[in-house]
Amino acid sequence: MDVSTAVDRRSSIRAFLDTPVSNEAIADLLTKAARAPSGGNVQPWRIYVVNGDSMVRFREAIASRDIEEPAYEVYPSGLKEPYKTARFDLGMQMYDKLGIARDDKAGRFGQMLKNYEFFGAPASIFCFVDRQMGPPQWSDLGMFLQTFMLLAQEAGLDTCPQEAWAMWEGAISEFVGAPEDERLFCGVAIGHADPDEPVNSLRSERFPLDKFATFV
Ligand SMILES: Cc1cc2nc3c(=O)[nH]c(=O)nc-3n(C[C@H](O)[C@H](O)[C@H](O)COP(=O)(O)O)c2cc1C
């Protein structure tokens, strides 16, 4: 698979089959993804794999915990245009695919909760970063994660990055054994997309080139 195809085919999958993914496959993706660049080559990503037995234990552990204060502000309060509309449109397009009506708050809440089951994915990674690190290193995490997700495409695996886990930082840190000086950025669900679930056919929109790029 060439890079353009992997970039085009990757999408956030929100309904997975229970087909298992081996730790060896995830280790291979992580090893390759670590070729991602980072400022000063500090390689700030700290990854915890939850899969197989540990996924069974994780699901039990999280079920007994209460939701927490978010680890960070996922979106700025008062999100400006055009970002606000882009976010709103994505939500509406997703709920349309799921057959959830605009005024069905319970349905929307139920869909949000599926984040906390990794949308049925059998495997996952959690991405942490040292608390000392700032925006430049957080951007390095993004490079690592996108590289990981593209390599997953090449390997026939699907993914969904999930900031939703920011609501469980304490419980996750405890479960994975992350030290005090590491903080959670996000989880990534990993598995095989369920081809029969309409939500997986969502092709999210993008701003046209002239809206985000200026040729000076
Ligand atoms: C860092 C990051 C965190 C995300 N967190 C969530 C999440 O918690 N739940 C979710 O359903 N989608 C999440 N997404 C997926 C985005 O909604 C998705 O990437 C965006 O709508 C573009 O769609 P695409 O990934 O299918 O191209 C996240 C994406 C990124 C990059």
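It should be emphasised that the depicted structure is a prediction, and the values quoted were computed from it without experimental measurement.

Colleague: Even after reading the chapter, I still don't get the overall build of the protein chain, so can you show me in this structure?
Modeller: Counting its secondary structure elements, the protein chain contains eight helices and four strands. Helices (α) and strands (β) of the protein chain occur, in sequence order from the N terminus, as α-α-β-α-α-α-β-α-β-α-β-α. Against the compact-globule benchmark of 17 Å for 216 residues, the protein chain has a radius of gyration of 17 Å, which places it among compact chains. With respect to the principal axes defined by its C-alpha atoms, the protein chain has extents near 50 × 40 × 40 Å. Within the span of the protein chain, comprising 216 residues, buried residues form 40% of the whole. At a minimum sequence separation of 6, the contacts of the protein chain that also span at least 24 residues come to 85%. For the protein chain, the computed accessible surface area is about 12400 Å², with 53% contributed by carbon and sulfur atoms. For the protein chain, the separation between the mean place of its 22 positive charges and that of its 32 negative charges on side chains is 5 Å.

Colleague: Just checking my understanding: could you explain the site of the ligand for this structure?
Modeller: Around the ligand, a shell composed of 15 residues is seen, among which S12, R14, E163, S204 and R206 lie nearest. Between the ligand and the protein, one listed contact pairs an oxygen atom with a backbone N or O atom of A164 at 2.9 Å. Bound to the protein, the ligand loses 74% of the 610 Å² it would expose on its own. Residues belonging to the shell around the ligand are distributed by class as follows: six nonpolar, five polar and four charged.

Colleague: Would you mind showing me how to read the sheet that holds strand 4 (residues 182–191) here?
Modeller: Strands pair in a sheet through their backbones, by hydrogen bonds, and they do so in one of two ways: parallel or antiparallel. Strand order in the open sheet formed by four strands is 1-2-4-3, with antiparallel pairing between adjacent strands. Each of the sheet's edge strands pairs with one partner strand only, and the pair in question is strand 1 (46–51) and strand 3 (158–162). Along the sheet, successive strands turn relative to each other by an average axial angle of 25 degrees, direction set aside. Where strand 3 lies against strand 4, five bridges are found, and the strand directions are antiparallel. Paired with D158 across the strands is G191, a residue of strand 4. Lying on the sheet, helix 6 (residues 135–154) is in contact with strand 1, strand 2 (123–130), strand 3 and strand 4; it crosses strand 4 at an angle near 15 degrees. Packing of helix 7 (residues 169–176) onto the sheet brings it into contact with strand 1, strand 2 and strand 4, and relative to strand 2 it is tilted by some 100 degrees.

Colleague: Help me out: how do you make sense of the pairing of strand 4 in this one?
Modeller: Note on strand geometry: in a regular strand, side chains alternate between the two faces of the sheet. With nine of 10 residues buried, strand 4 is to be regarded as a mostly interior element. Two strands pair when backbone bridges link them, and strand 2 and strand 4 are joined in this way by eight bridges, in the antiparallel orientation. Within strand 4, the residue paired with S124 across the bridge is A189.

Colleague: It is not clear to me how the side chain of D140 should be interpreted in this structure. Could you clarify?
Modeller: Looking at where D140 falls in the secondary structure, it is placed in helix 6. For the buried D140, no salt bridge exists, and the shortest N-O distance to an oppositely charged side chain is 10 Å, to R46. Excluding residues within four positions of it along the chain, D140 makes contact with P37, S38, G39, V42, P44 and W45.

What counts and how
- Residues numbered from 1 in each chain as written.
- Predicted model: local features only at pLDDT ≥ 70, side-chain atom pairs only at ≥ 80, totals over all residues.
- Heavy atoms only, no water.
- Helix = DSSP H or I, 4+ residues; strand = E, 2+ residues; numbered from the N terminus.
- Rg over C-alpha atoms; globule rule 2.2 N^0.38 Å.
- Buried < 20%, exposed > 50% of the residue type's maximum accessible area, 1.4 Å probe, protein only.
- Contact = heavy atoms within 4.5 Å.
- Areas by Shrake-Rupley, 256 points an atom, 1.4 Å probe, with all protein chains shown as cover.
- Lys, Arg positive; Asp, Glu negative; His and termini not counted.
- Charge placed at Lys NZ, Arg CZ, Asp CG, Glu CD.
- Near = heavy atom within 4 Å.
- Polar contact = N/O pair within 3.5 Å; in protein donor to acceptor, adjacent residues only side chain to side chain.
- Nonpolar A, V, L, I, M, F, W, Y, C, P; charged D, E, K, R; others polar.
- Pairing = 2+ DSSP bridges.
- Axes fitted to C-alpha atoms, helices over the stretch in contact; angles between N-to-C directions.
- Salt bridge = Lys/Arg side-chain N within 4 Å of Asp/Glu carboxyl O.

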